[in-house]
Amino acid sequence: MTQPPHDEPTATSPEELREQVEQTRTELGETVEALAAKTDVKARAQEKAAEIKEQAAAKADELKEQAALKAGELKEKAAELAHQAQDRLPDPVKAGAAQAAEQARAKAAQAGQLWEEKAPEPVRQRTAQGAQLARDNRKVLLAAAGLAVVAWLACRRRQG
């Protein structure tokens, strides 16, 4: 038989001995469970995979938020540049652009009516989604158009 640990008193009665044996069994059972858990490679791998998945999801959310912030900054910068370009345009160019825009609206309305009459439903739905996207990003599109006009005018002056 083994000797009891030095820090535990020896049992003085059979009842105390039973309690010590039961406590030792409980501790031994917990130790065996802990060892079994450490040797369960599949469970540990699943736990690690779940942990890594959570970390990846958190990182993805963080990157998504950073991208949204950056997109907002770029959108503001593009709008600012568009306003600067628009302020530098001479009045005759602004008037011509306004007239061209009105003509384009009228032609677009005519084309829209024709489209409604001739296009299949799924194609019309996809087109409507694209138009909504353009409306949602109108400032960026206008800024790009303004910059294109400025570039076109600069090229014309160099040629002429």
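The shown structure was predicted, so the numbers you read here are calculated from the model rather than taken from an experiment.

A.B. asks: Help me get a handle on the overall build of the protein chain, residues and values and all.
C.D. replies: From N to C terminus, the protein chain includes five helices and zero strands. Counted from the first residue to the last, the protein chain has its helices and strands arranged as α-α-α-α-α. In terms of overall size, the protein chain is more extended than a compact globule, its C-alpha atoms giving a radius of gyration of 38 Å where 160 residues would be expected to give roughly 15 Å. In terms of its C-alpha atoms, the protein chain occupies a principal-axis envelope of roughly 110 × 40 × 25 Å.

A.B. asks: Outline the pattern of salt bridges, listing residues and values.
C.D. replies: Note on pairing: side chains with opposite charge can pair once their charged atoms come close. This structure, assessed with the given rule, holds six salt bridges. Here Lys 48 and Glu 51 are joined by a salt bridge, their closest N and O atoms 3.9 Å apart. One end of the pair, Lys 48, and the other, Glu 51, are both in helix 2 (residues 41–88), three residues apart, so they sit about a helical turn from each other. Take Glu 51: its relative accessible area is 39%, and that puts it in the partly exposed class. When the shortest N-O distance is used, the salt bridge between Lys 70 and Glu 73 registers 3.7 Å. Separated by three residues within a single helix, Lys 70 and Glu 73 lie in helix 2, roughly one turn from each other. Here Lys 70 falls in the partly exposed class, since its relative accessible area comes to 48%.

A.B. asks: Please give an account of the packing of helix 2 against helix 5 (residues 138–159) that cites residues and values.
C.D. replies: As a packed pair, helix 2 and helix 5 sit with axes 8 Å apart at the nearest point and diverge in direction by 40°. When the interaxial angle is binned, helix 2 and helix 5 end up oblique. Crossing hand, helix 2 versus helix 5: left-handed. For the pair formed by helix 2 and helix 5, the contact residues are Lys 75, Ala 78, Ala 82 and Ala 85 on the first element and Val 140, Ala 143, Leu 147 and Val 150 on the second. Partitioned by chemical class, the residues of the contact of helix 2 with helix 5 number seven nonpolar, no polar and one charged.

What counts as what
Residues numbered from 1 in each chain as written. Predicted model: local features only at pLDDT ≥ 70, side-chain atom pairs only at ≥ 80, totals over all residues. Heavy atoms only, no water. Helix = DSSP H or I, 4+ residues; strand = E, 2+ residues; numbered from the N terminus. Rg over C-alpha atoms; globule rule 2.2 N^0.38 Å. Salt bridge = Lys/Arg side-chain N within 4 Å of Asp/Glu carboxyl O. Buried < 20%, exposed > 50% of the residue type's maximum accessible area, 1.4 Å probe, protein only. Axes fitted to C-alpha atoms, helices over the stretch in contact; angles between N-to-C directions. Parallel < 35°, antiparallel > 145°, perpendicular 65-115°, else oblique. Left-handed = near helix turned anticlockwise from the far one by under 90°. Contact = heavy atoms within 4.5 Å. Nonpolar A, V, L, I, M, F, W, Y, C, P; charged D, E, K, R; others polar.

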